[in-house]
Amino acid sequence: GDSVTQTEGLVTVTEGLPVKLNCTYQTTYLTIAFFWYVQYLNEAPQVLLKSSTDNKRTEHQGFHATLHKSSSSFHLQKSSAQLSDSALYYCALSDNYNQGKLIFGQGTKLSIKP
Amino acid sequence: EAAVTQSPRNKVAVTGGKVTLSCNQTNNHNNMYWYRQDTGHGLRLIHYSYGAGSTEKGDIPDGYKASRPSQENFSLILELATPSQTSVYFCASGDRGGRDQDTQYFGPGTRLLVL
(Lines give C-alpha, C1' and ligand atoms only; values in the text may rest on other atoms or scores of the structure.)
Protein backbone atom coordinates (compact mmCIF):
# COMPACT_ATOMS: atom_id res chain seq x y z
CA GLY A 1 0.00 0.00 0.00
CA ASP A 2 0.85 3.65 0.23
CA SER A 3 2.37 5.58 3.09
CA VAL A 4 3.41 9.18 3.64
CA THR A 5 6.07 10.07 6.17
CA GLN A 6 6.59 13.42 7.83
CA THR A 7 9.56 12.88 10.06
CA GLU A 8 9.25 15.99 12.22
CA GLY A 9 6.39 16.35 14.62
CA LEU A 10 7.39 19.90 15.51
CA VAL A 11 9.51 22.40 13.63
CA THR A 12 10.41 25.70 15.26
CA VAL A 13 11.77 28.52 13.10
CA THR A 14 12.68 32.10 13.84
CA GLU A 15 10.70 34.71 11.92
CA GLY A 16 12.46 35.71 8.70
CA LEU A 17 14.42 32.49 8.38
CA PRO A 18 13.73 29.75 5.84
CA VAL A 19 11.35 26.88 6.47
CA LYS A 20 11.54 23.32 5.21
CA LEU A 21 9.05 20.61 6.11
CA ASN A 22 9.94 17.14 4.96
CA CYS A 23 7.62 14.71 3.21
CA THR A 24 8.54 11.36 1.70
CA TYR A 25 6.30 8.63 0.44
CA GLN A 26 6.12 4.99 -0.54
CA THR A 27 3.63 3.68 -3.03
CA THR A 28 2.91 0.51 -4.98
CA TYR A 29 0.30 2.23 -7.16
CA LEU A 30 0.23 4.89 -9.82
CA THR A 31 0.14 8.24 -8.02
CA ILE A 32 -2.31 10.90 -9.14
CA ALA A 33 -1.47 13.96 -7.06
CA PHE A 34 0.45 15.22 -4.07
CA PHE A 35 -0.85 17.76 -1.60
CA TRP A 36 0.15 19.99 1.25
CA TYR A 37 -2.70 20.91 3.56
CA VAL A 38 -2.44 23.61 6.22
CA GLN A 39 -4.55 23.76 9.34
CA TYR A 40 -4.56 26.92 11.43
CA LEU A 41 -5.53 26.75 15.08
CA ASN A 42 -9.21 25.87 15.53
CA GLU A 43 -9.80 25.79 11.80
CA ALA A 44 -10.29 23.10 9.17
CA PRO A 45 -7.50 21.73 7.00
CA GLN A 46 -7.30 23.53 3.68
CA VAL A 47 -5.29 22.73 0.60
CA LEU A 48 -2.12 24.79 0.29
CA LEU A 49 -0.39 23.18 -2.68
CA LYS A 50 -1.12 20.46 -5.18
CA SER A 51 1.18 18.87 -7.72
CA SER A 52 1.02 16.06 -10.22
CA THR A 53 4.13 16.77 -12.30
CA ASP A 54 7.54 15.39 -11.57
CA ASN A 55 10.30 17.99 -11.09
CA LYS A 56 7.95 20.96 -11.45
CA ARG A 57 7.94 23.65 -8.76
CA THR A 58 4.50 24.58 -7.43
CA GLU A 59 3.99 27.80 -5.48
CA HIS A 60 1.21 29.31 -3.42
CA GLN A 61 1.06 31.91 -0.65
CA GLY A 62 4.87 32.14 -0.55
CA PHE A 63 5.33 28.41 -0.09
CA HIS A 64 6.72 26.11 -2.74
CA ALA A 65 7.20 22.40 -3.24
CA THR A 66 8.68 20.26 -5.99
CA LEU A 67 7.68 16.67 -6.55
CA HIS A 68 10.76 14.49 -6.97
CA LYS A 69 9.72 10.97 -7.89
CA SER A 70 13.36 9.87 -8.05
CA SER A 71 13.66 10.44 -4.31
CA SER A 72 9.96 9.96 -3.46
CA SER A 73 9.78 13.38 -1.88
CA PHE A 74 7.54 16.44 -1.84
CA HIS A 75 9.12 18.81 0.69
CA LEU A 76 7.48 22.13 1.55
CA GLN A 77 9.64 25.25 1.68
CA LYS A 78 9.42 28.95 2.26
CA SER A 79 12.27 31.41 2.04
CA SER A 80 11.22 33.67 4.91
CA ALA A 81 8.93 32.53 7.70
CA GLN A 82 6.17 34.75 9.04
CA LEU A 83 4.46 34.53 12.41
CA SER A 84 1.20 33.81 10.58
CA ASP A 85 2.70 30.61 9.13
CA SER A 86 2.40 28.90 12.50
CA ALA A 87 0.06 25.99 11.86
CA LEU A 88 -0.22 22.23 11.41
CA TYR A 89 0.87 21.01 7.98
CA TYR A 90 -0.11 17.71 6.37
CA CYS A 91 1.41 16.06 3.35
CA ALA A 92 -0.86 13.73 1.38
CA LEU A 93 -1.11 11.78 -1.85
CA SER A 94 -3.78 10.20 -3.99
CA ASP A 95 -3.39 7.27 -6.35
CA ASN A 96 -5.30 5.22 -8.87
CA TYR A 97 -6.07 2.47 -6.36
CA ASN A 98 -7.65 4.32 -3.45
CA GLN A 99 -10.36 5.97 -5.56
CA GLY A 100 -10.06 9.49 -4.22
CA LYS A 101 -9.05 8.68 -0.67
CA LEU A 102 -6.03 10.66 0.44
CA ILE A 103 -3.12 9.07 2.25
CA PHE A 104 -2.04 11.58 4.89
CA GLY A 105 1.20 11.91 6.77
CA GLN A 106 1.12 12.37 10.53
CA GLY A 107 1.43 16.12 10.28
CA THR A 108 4.12 18.62 11.26
CA LYS A 109 3.43 21.48 13.59
CA LEU A 110 5.27 24.59 12.47
CA SER A 111 5.92 27.16 15.15
CA ILE A 112 7.38 30.52 14.17
CA LYS A 113 9.00 32.50 16.97
CA PRO A 114 9.72 36.24 16.89
CA GLU B 1 -20.11 30.82 1.35
CA ALA B 2 -18.92 27.69 3.12
CA ALA B 3 -19.29 24.74 0.79
CA VAL B 4 -19.00 22.07 3.51
CA THR B 5 -20.90 22.62 6.72
CA GLN B 6 -21.15 20.48 9.82
CA SER B 7 -23.59 20.35 12.69
CA PRO B 8 -23.41 20.52 15.56
CA ARG B 9 -20.13 22.38 15.97
CA ASN B 10 -19.84 21.25 19.57
CA LYS B 11 -21.46 18.30 21.29
CA VAL B 12 -21.37 16.86 24.78
CA ALA B 13 -22.69 13.31 25.01
CA VAL B 14 -23.01 10.70 27.71
CA THR B 15 -21.40 7.29 27.58
CA GLY B 16 -23.77 4.83 25.94
CA GLY B 17 -25.80 7.50 24.25
CA LYS B 18 -26.40 7.88 20.54
CA VAL B 19 -24.70 10.70 18.66
CA THR B 20 -25.32 11.82 15.10
CA LEU B 21 -22.94 14.20 13.37
CA SER B 22 -24.21 15.78 10.17
CA CYS B 23 -22.41 17.10 7.13
CA ASN B 24 -23.76 19.01 4.14
CA GLN B 25 -21.88 19.99 1.01
CA THR B 26 -22.84 22.26 -1.85
CA ASN B 27 -19.82 21.37 -4.02
CA ASN B 28 -21.82 18.74 -5.92
CA HIS B 29 -19.03 16.29 -5.20
CA ASN B 30 -19.61 12.58 -5.43
CA ASN B 31 -17.24 11.61 -2.63
CA MET B 32 -17.57 12.45 1.03
CA TYR B 33 -15.40 11.50 3.97
CA TRP B 34 -15.45 11.44 7.76
CA TYR B 35 -12.19 11.86 9.70
CA ARG B 36 -11.29 12.19 13.30
CA GLN B 37 -8.33 14.18 14.49
CA ASP B 38 -6.46 13.46 17.69
CA THR B 39 -3.14 14.82 18.86
CA GLY B 40 -0.41 12.43 17.83
CA HIS B 41 -2.57 10.62 15.29
CA GLY B 42 -3.22 13.19 12.62
CA LEU B 43 -6.29 12.72 10.42
CA ARG B 44 -7.75 9.23 10.44
CA LEU B 45 -10.44 8.10 8.00
CA ILE B 46 -13.55 6.59 9.58
CA HIS B 47 -16.03 6.16 6.73
CA TYR B 48 -16.43 7.47 3.22
CA SER B 49 -18.96 7.45 0.42
CA TYR B 50 -18.90 7.48 -3.37
CA GLY B 51 -22.43 8.78 -3.74
CA ALA B 52 -25.95 8.68 -2.42
CA GLY B 53 -26.75 5.33 -0.86
CA SER B 54 -23.12 4.19 -0.61
CA THR B 55 -20.94 3.95 2.46
CA GLU B 56 -17.52 2.35 2.82
CA LYS B 57 -15.36 1.57 5.83
CA GLY B 58 -12.23 3.59 6.28
CA ASP B 59 -9.24 2.84 8.43
CA ILE B 60 -10.93 3.06 11.85
CA PRO B 61 -14.64 2.22 11.39
CA ASP B 62 -15.24 0.32 14.63
CA GLY B 63 -17.90 1.97 16.77
CA TYR B 64 -19.14 4.18 13.94
CA LYS B 65 -21.79 3.94 11.26
CA ALA B 66 -22.36 6.23 8.30
CA SER B 67 -25.32 7.22 6.19
CA ARG B 68 -25.45 9.00 2.81
CA PRO B 69 -29.10 9.67 2.04
CA SER B 70 -28.39 12.20 -0.70
CA GLN B 71 -25.58 13.73 -2.74
CA GLU B 72 -25.38 16.63 -0.29
CA ASN B 73 -25.64 14.92 3.09
CA PHE B 74 -23.41 12.49 4.92
CA SER B 75 -23.91 11.55 8.57
CA LEU B 76 -21.69 9.84 11.10
CA ILE B 77 -23.49 7.86 13.78
CA LEU B 78 -22.15 6.72 17.12
CA GLU B 79 -24.75 4.22 18.36
CA LEU B 80 -23.14 3.74 21.77
CA ALA B 81 -20.76 6.59 22.44
CA THR B 82 -17.66 5.92 24.54
CA PRO B 83 -15.14 8.36 26.07
CA SER B 84 -12.52 7.10 23.60
CA GLN B 85 -14.60 8.71 20.85
CA THR B 86 -13.96 12.14 22.29
CA SER B 87 -12.29 13.93 19.41
CA VAL B 88 -12.62 16.51 16.67
CA TYR B 89 -14.48 15.19 13.64
CA PHE B 90 -14.07 16.58 10.15
CA CYS B 91 -16.19 15.97 7.10
CA ALA B 92 -14.77 16.49 3.62
CA SER B 93 -15.95 16.28 0.04
CA GLY B 94 -14.07 15.68 -3.19
CA ASP B 95 -14.29 14.38 -6.72
CA ARG B 96 -12.25 12.10 -8.92
CA GLY B 97 -12.47 14.14 -12.08
CA GLY B 98 -11.78 17.64 -13.25
CA ARG B 99 -9.13 20.17 -12.38
CA ASP B 100 -9.63 19.55 -8.67
CA GLN B 101 -9.22 15.82 -9.00
CA ASP B 102 -8.90 14.21 -5.58
CA THR B 103 -8.67 17.55 -3.75
CA GLN B 104 -10.69 17.29 -0.58
CA TYR B 105 -12.50 20.27 0.94
CA PHE B 106 -13.09 20.14 4.65
CA GLY B 107 -15.87 21.33 6.86
CA PRO B 108 -15.19 23.36 10.03
CA GLY B 109 -15.21 20.36 12.34
CA THR B 110 -17.28 19.12 15.27
CA ARG B 111 -15.81 18.89 18.76
CA LEU B 112 -17.31 15.90 20.54
CA LEU B 113 -16.87 15.27 24.24
CA VAL B 114 -18.17 11.98 25.60
CA LEU B 115 -18.49 11.94 29.37
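Presented here is a report on the structure given in the accompanying data block. (Residues numbered from 1 in each chain as written. Chains lettered and ligands numbered in written order. Predicted model: local features only at pLDDT ≥ 70, side-chain atom pairs only at ≥ 80, totals over all residues. Heavy atoms only, no water.)

### Digging into the interface of chain A and chain B
Step number 1: In this complex, chain A contributes 21 residues to the contact, which on the side of chain B involves 23 residues.
Step number 2: Buried surface at the junction of chain A and chain B, summed over both partners, amounts to about 1700 Å²; 49% is from carbon and sulfur atoms.
Step number 3: Taken together, chain A and chain B are joined by 0 salt bridges.
Step number 4: Linking chain A to chain B there are 11 residue pairs in polar contact (both at pLDDT 80 or more).
Step number 5: Where the side of chain A that touches chain B is concerned, the elements lending two or more residues are strand 5 (31–39), strand 6 (46–51) and strand 10 (87–95) of chain A. (Contact = heavy atoms within 4.5 Å. Buried area = accessible area lost by both parts, 1.4 Å probe. Salt bridge = Lys/Arg side-chain N within 4 Å of Asp/Glu carboxyl O. Polar contact = N/O pair within 3.5 Å; in protein donor to acceptor, adjacent residues only side chain to side chain. Helix = DSSP H or I, 4+ residues; strand = E, 2+ residues; numbered from the N terminus.)

### Things to note about the sheet that holds strand 8 (residues 63–66) of chain A
All names here are of chain A.
Step number 1: Across the sheet, which stays open at both edges, the 4 strands sit in the order 3-9-8-7 with antiparallel pairing between neighbours. This sheet does not close on itself; its edge strands, each paired only once, are strand 3 (19–21) and strand 7 (57–60). Ignoring strand direction, the axes of neighbouring strands in this sheet form an average angle of 20 degrees.
Step number 2: The pairing of strand 8 with strand 9 (residues 76–78) spans 3 bridges and is antiparallel. Each residue of the ladder has a partner; that of Phe63, found in strand 9, is Lys78. (Pairing = 2+ DSSP bridges. Axes fitted to C-alpha atoms, helices over the stretch in contact; angles between N-to-C directions.)

### Examining the pairing of strand 2 (residues 10–14) of chain A
Residues and elements named next belong to chain A.
Step number 1: A one-sided burial pattern is seen for strand 2, the buried positions being Val11 and Val13 and the unburied ones Leu10, Thr12 and Thr14.
Step number 2: Judged from the 5 bridges that link them, strand 2 and strand 12 (residues 108–113) form a sheet pairing that is parallel. Opposite Thr12, over in strand 12, you have Ser111 as the bridge partner. (Buried < 20%, exposed > 50% of the residue type's maximum accessible area, 1.4 Å probe, protein only.)

### Considering the nonpolar core
Step number 1: Residues Leu21(A), Trp36(A), Leu48(A), Leu76(A), Tyr89(A) and Leu110(A) are the most contacted members of the largest nonpolar core, which totals 25 residues.
Step number 2: Among the elements of the structure, strand 2, strand 3, strand 5, strand 6, strand 8, strand 10 and strand 12 of chain A are those that each provide at least two residues to this core.
Step number 3: The dominant element in this core, judged by the number of residues it contributes, is strand 10 of chain A, at 4 residues.
Step number 4: Residues contacting Tyr89(A), with those up to four places away along its chain left out, are Gln6(A), Leu21(A), Trp36(A), Tyr37(A), Val38(A), Leu48(A), Phe63(A), Leu76(A), Gly107(A), Thr108(A) and Leu110(A).
Step number 5: Counting 18 residues, the second-largest nonpolar core is a separate cluster that includes Cys23(B), Tyr64(B), Ala66(B) and Tyr89(B). (Core = buried A, V, L, I, M, F, W, Y, C linked by side-chain atoms within 4.5 Å.)

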